Amino acid sequence: MPTVGVNRDKLFEKLGKVYTDEEFDHLCFEYGIELDDVTSEKEMLRKELASTVAKGGDSKLAAEAAAASEEVIYKIDIPANRYDMLCVEGIARALNIFRGTQSSPQYNLADMTGKQPLQMVVKPETALVRPFVVCAVLRGIKFDPARYNSFIDLQDKLHQNLCRQRTLVAIGTHDLSTIQGPFTYEALPPEEIKFVPLKQTREFNAKELMQFYLENDQKLKKFVPIIHSSVVYPVLYDANRVVLSLPPIINGAHSAITLDTQDVFIECTATDLTKAKVVLNTVVTMFAEYASTPFTVEPVEVVDALGNRTLYPDLSYRSLTLTTDYVNSLLGLQLPGEEIVKLLTKMQVAAELGPDGKELLVQVPPTRSDILHACDVAEDVAIAHGYNNIPKRIPPTTTQGRELPLNQLTELLRAEIAMSGFTEVLTWALVSHAENFEFMRRPDDGITAVEIGNPATADFEVCRSSLLSSALKTLAANKDNALPIKLFEVSDAIVLDPSKSVGARNERRLVAVFCAKDSGFEVIHGLLNRVMEVLGVPYKEDPAAAGSPVTYHWSPSADPAMFPGRQAAIFTGDTQVGLFGIVHPEVLAAFEVPYPVSALELNLEPFVFNQFYESLLEPLST
Amino acid sequence: MADLETSLLQALHAQEVIADSGDLAKSLGVEHIVLVGTIRSLQASEMITAEDIDHFRYVLTDEAQGYLTAGSPEAQVFNAVPAGEGITLAELKARVSGEAGDVGFKQAMQQRWLALDKSDVGEPRVVRKVDAIVDRTQQLLADVAGGRELPKAEAESLAKKRKLIKPEQWKTYKLTKGPKFALERKKPATDLTFEMMSKGTWRMQEFKDYNFNALGVPPPSGQLHPLLKVRSQFRKIFTQMGFEEMPTNQYVESSFWNFDALFQPQQHPARDAHDTFFLTKPASTPAGRGVDNDYLNRVKSVHEMGGYGSVGYGYSWKLAESEKNLLRTHTTAVSSRMLYRLANQPGGFKPAKYFSIDRVFRNEQVDRTHLAEFHQVEGLVCDKGLTLGDLIGVLNQFFSRLGLKKLRFKPAFNPYTEPSMEIFSYSEQLGKWMEVGNSGMFRPEMLRPMGLPEDVNVIAWGLSLERPTMILYGIDNIRDLFGHKVSLSMVRKNPLCRLGL
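Since we're looking at a predicted model, the values are computed, not measured.

Caption draft 1: Seen up close, the interface of chain B and chain A. With 108 residues of chain B in contact, the opposing surface of chain A contributes 106 residues. A combined buried area of about 8600 Å² lies between chain B and chain A, and 56% of that area is made up of carbon and sulfur atoms. The three residues of chain B that bury the most area against chain A are K281, H484 and L488 of chain B, which together make up 9% of that side's buried surface. The tally of links from chain B across to chain A stands at ten salt bridges. When the shortest N-O distance is used, the salt bridge between R393 of chain A and D390 of chain B registers 2.5 Å. Counting the contacts that link chain B with chain A gives 54 residue pairs in polar contact (both at pLDDT 80 or more). The element best represented in the side of chain B that touches chain A is helix α16 (residues 388–401) of chain B, accounting for eight residues. Pairing between strand β22 (residues 451–452) of chain A and strand β9 (residues 279–281) of chain B: two bridges, direction antiparallel. Among the inter-strand pairings, E451 of chain A is bridged to a residue of β9 of chain B, identified as K281 of chain B.

Caption draft 2: Representation of the domain arrangement of chain B in the model. By domain assignment, chain B separates into domain 1 (1–72 + 135–216) and domain 2 (227–493). Just the C-alpha atoms count here: the centres of domain 1 of chain B and domain 2 of chain B sit 80 Å apart.

Caption draft 3: Broad picture of the sheet that holds strand β15 (residues 432–442) of chain B. Pairing in this open sheet of seven strands is mixed, and the strands run β7-β11-β12-β16-β15-β14-β13 (chain B) from one edge to the other. Looking at which strands have only one partner, the edges of the open sheet turn out to be β7 (244–245) and β13 (407–411) of chain B. Of the pairings in the sheet, the one linking strand β11 (residues 352–361) of chain B to strand β12 (residues 373–384) of chain B comprises ten bridges and is antiparallel in character. Within the sheet, the bridge partner assigned to K353 of chain B lies in β12 of chain B and is V381 of chain B. Sheet strands touched by helix α2 (residues 21–31) of chain A: β13 and β14 (417–427) of chain B. Its angle to β13 of chain B, the strand with the most contacts, is close to 75 degrees.

Caption draft 4: Up close: the pairing of strand β3 (residues 72–77) of chain A. All names here are of chain A. Of all six residues that make up β3, five are buried, and the element is covered over most of its length. Pairing of strand β1 (residues 3–7) with β3 involves five bridges; the strand directions are antiparallel. Its bridge partner being in β3, G5 is matched across the sheet by K75. Both strand β2 (residues 34–40) and β3 contribute to a ladder of six bridges, which runs antiparallel. Among the inter-strand pairings, L35 is bridged to a residue of β3, identified as I76.

Caption draft 5: Here's a closer look at a nonpolar patch on the surface. Taken together, L192, M197, W202 and F207 of chain B make up a surface patch of nonpolar side chains, about 400 Å² in accessible area. Structurally, F207 of chain B is set in the loop between α10 (194–199) and α11 (226–240).

Caption draft 6: Up close: the packing of helix α12 (residues 405–419) of chain A against α11 of chain B. For the pair α12 of chain A and α11 of chain B, the least separation of the axes is 12 Å and the interaxial angle reads 135 degrees. When the axes of α12 of chain A and α11 of chain B are compared, the pair comes out oblique. When the axes of α12 of chain A and α11 of chain B are compared, the crossing they make is left-handed. Contacts between α12 of chain A and α11 of chain B involve N407, Q408, T410, E411 and R414 of chain A from the former and L228, K229, R231, S232 and R235 of chain B from the latter.

Caption draft 7: Examining the packing of helix α10 (residues 337–346) of chain A against helix α11 (residues 374–385) of chain A more closely. All names here are of chain A. For the pair α10 and α11, interaxial distance at closest approach is 8 Å and the crossing angle is 90 degrees. On the basis of the axis angle, α10 is roughly perpendicular to α11. For the pair α10 and α11, contact is made by I340, L343, L344 and K346 and by V377, D380, V381, A384 and H385, respectively. Tallied by class, the residues present in the contact of α10 with α11 amount to six nonpolar, one polar and two charged.

Caption draft 8: Local environment of the packing of aromatic side chains. Across all of its chains, the model carries 45 aromatic pairs over all chains by this definition. Note on W554 of chain A and F580 of chain A: the rings are 6.3 Å apart at their centroids and 80 degrees apart in plane angle, and the pair reads as edge-to-face. Placement of the pair is W554 of chain A in strand β26 (residues 553–556) and F580 of chain A in strand β28 (residues 575–583), with a sequence separation of 26 residues. Ring centres 4.8 Å apart and planes at 35 degrees place the aromatic pair F238 of chain B and F398 of chain B in the tilted group. Of this pair, F238 of chain B sits in helix α11 while F398 of chain B sits in helix α16, and the two are 160 residues apart along the sequence. As far as the burial class goes, F238 of chain B and F398 of chain B line up, both buried. An aromatic cluster of at least three residues, connected via ring pairs, comprises F234, F238, F243, F355, F398, F399 and W461 of chain B. Lying across the ring of Y426 of chain B, K406 of chain B places its NZ or CZ 4.4 Å from the centre. Geometry around F29 of chain A places R408 of chain B over its ring, the cationic atom sitting 3.7 Å from the centre.

How each quantity is defined
- Residues numbered from 1 in each chain as written.
- Chains lettered and ligands numbered in written order.
- Predicted model: local features only at pLDDT ≥ 70, side-chain atom pairs only at ≥ 80, totals over all residues.
- Heavy atoms only, no water.
- Contact = heavy atoms within 4.5 Å.
- Buried area = accessible area lost by both parts, 1.4 Å probe.
- Salt bridge = Lys/Arg side-chain N within 4 Å of Asp/Glu carboxyl O.
- Polar contact = N/O pair within 3.5 Å; in protein donor to acceptor, adjacent residues only side chain to side chain.
- Helix = DSSP H or I, 4+ residues; strand = E, 2+ residues; numbered from the N terminus.
- Pairing = 2+ DSSP bridges.
- Domains from an automatic or database assignment.
- Axes fitted to C-alpha atoms, helices over the stretch in contact; angles between N-to-C directions.
- Buried < 20%, exposed > 50% of the residue type's maximum accessible area, 1.4 Å probe, protein only.
- Patch = residues over 30% accessible without salt bridge, like charges linked within 9 Å, V, L, I, M, F, W, Y side chains within 5 Å.
- Areas by Shrake-Rupley, 256 points an atom, 1.4 Å probe, with all protein chains shown as cover.
- Parallel < 35°, antiparallel > 145°, perpendicular 65-115°, else oblique.
- Left-handed = near helix turned anticlockwise from the far one by under 90°.
- Nonpolar A, V, L, I, M, F, W, Y, C, P; charged D, E, K, R; others polar.
- Phe/Tyr/Trp six-rings, centres within 6.5 Å; stacked < 30°, edge-to-face > 60°.
- Lys NZ or Arg CZ within 6 Å of the ring centre and 35° of its normal.

Shown next as structure tokens:
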């Protein structure tokens, strides 16, 4: 969720009202944005400074903090799909319309009769790297420092969010008086692109410029990889071969906008045309507020590689037809059509009632790219009506409550094992590769564990294929406890399984460990017998086992994680379902457990059956 | 010990008074210090009274022990000097070495037994000044060793100046019968025993007072983990409300079910490697496995161009992106599979209420409030004609079972629900509104491609299990609740979970 910092007093000026923090918070809550923090430039710098003090402080930052403004800044959280609220202009406009203090502006293209629009000609090579461009012009803009900063901040916010760090869309803005159409959008070998970039004083070719940013510019270097490996770089030229920008990296110094700029040329280059259009619409609809003819935007003709001509921006209002019944039935309300129309107006959505009084003809403004479906319109009605004014109803759906048998058995068994004197632990499914294999003296055969490709930390490299390592880690972290320590966990191990559609499956298992000055092998063995007793599964050699469809037995095993001669595999029928024994001292040493440990690990899934021994496993997918 | 106690009581019984316990110890053939223990114990039981007798004497220091036979240092030095021409200081030092030599020479000079002759050229010589001496110091030490008293001045000189003797004080006792005197002690019992009961001696037995200020002995027991106790209560609440538990025991999921089926666009930030654990093994779920081809095409098309009344996202949907395997980021991946199943089951759609509580995974740095895995609680109702009012109603019902009776709702955004509502609850304890969960109605772009009838709506909500547990049990660091570093005493000492009572 993006957070936008706005100057409180400027915002209140636009709202025409001074709120207390609490009142404003309430207004935000109703609209679905959130007043996240109340701060100031000075306070933010002070906080930043405090965090650098440990590293010896930063004198430049200290000076900045001392000089910084104490004007109050509201940090406001904006829903991730409301790109039209990423600047103070958009927030104020939305809230004004919501409160009924302003009506929705009509966004228009300038009347171009008798005039030739500026042209942007796209060369076919751009398809190799960044195929799309859309443009627009804002005429007669009046900037002041606050507006100018807001204009820059909006582009930043869009780059961070909708533009996915400039990978999908990059915005360039230019002082139109310094450049001359028609413009071209080209893709050229980097050595051939030469210009003075913004904030630099000398000319670079694009190849050396990328190297320069990689080495010297913390902010820009993260965008370099977007085009770095491409044989051609995207570039925009004016009629006199002045470079406008090298998207998505940097604009040229020549056409930089200043506080005195009046006519602004905006270009958005993209790999995703839909998003480029939304980005362009967002920038122009927000700042057309300051144009000589407010809310009017001069279009630019884009001539694509095939010669097709399209006029941008596309400020058309999208029509959407729905019914009042749809809205009311979705929300659980009985609002009359007129009321719905009125409520939608508060959300910047113009609607007209059809002749039957039920049909709603809705005009979605170019600012509301978040509206995809009639349900989005219905939500706006709900917001304007107030979520907290909607009458509640208990759903009439009658169904039977039911636990998943696997989980129900887990619950029953957990209680029984705790009754046997074991303490329950709860450990992570994600472990390091070493914990799952090397520490356990178990070789990685490559067909056992699920592997993560991009873990943020080395602690989470694989999904555990056995629960025992987690129990041993818990013992190590609690080794100063009084002995004996008896722990258990009933949880899922995750194993590769090519027979499953996703290639892996969970397996519900019990792990129990006994840790004392002596191994306690017989205690763990006894727990196995007890668990089987409560599961109603008799020992194969027991006379009582005759006639039981399920029995269990054990026989000596050779698992490398266990001590030789003090371990046994557990079977039901011919299938091995578990293991118990004394944990190998080298395993204990790897986990830094100083005492002997006996352990039991048992797959519970074969025992998920009802009193008729019918299996109750219900896998989610095959 | 008991013998000693009996001997003492009998002696006292016979003599009425024991003038000095020191004598009694001697007569019993034990060290007095051994007898003191018995005296104190009997005194505490008021069987005898004891009156202190202070004693004082000098004893030899360790240094002095050696002089008892070898003679005092000054005598040793004197004897080392031959009569007549004497010897040099160096020679004398060789004969009587160490401290005895130094002290002895100084003392012998003071006593004027010896003199230093410097008349000759060369080294001065130590010569005898008297022919014979009496070693008074040795005599005095012998007296002390023999327990004889010394003249006061000489005793003090030996003790303070020469530190050859030291004072020693000790106590013995004059013993008389106490108020509870008896020849045998009756010890009060600490506990009622089987033996007392079988012999009937409990009737005569005196019992020691019980210390009611101490805690009892903790019973040997196992314990359940607090987070899972909370999980048990949540499961009860759901089943009591008629919800059926979903099979969430599958952590590995394809991007298709985790994102695409939920109408989450492929460029959505949540699908970044920064947020999601993508797998290298098993790396993908081929589209042909488990997803019906027609359904897959409907999902592709709704993303790209919309449909079912939607305009879609207008981008090029990539099959390969949907095949990428991951660790599910939410249990809603399971909900999407269940809803698809519900739409396509034999006999057609039937209303359902589902819930689940299970682990989900986020590729995040672990800190006080974030873990890479946590438990998501999810509930959903799927039926014809459900409304936002139904969602508000069911949320009020559910949260009031958790003790959160005052709710309000904030508009929110979620890619797969519309309308979406954040759930806030008023905390009387904290005096403020707190976010307690998220909710919404699943989007038609998610439900319609699955084949659910057009009038079927799904209302759903979710929250984490960890947050309410941390609030309930007063835990402020999530790492103290979940993971191997959790303290076992936290697990052992937590109370019942009363949610849903």
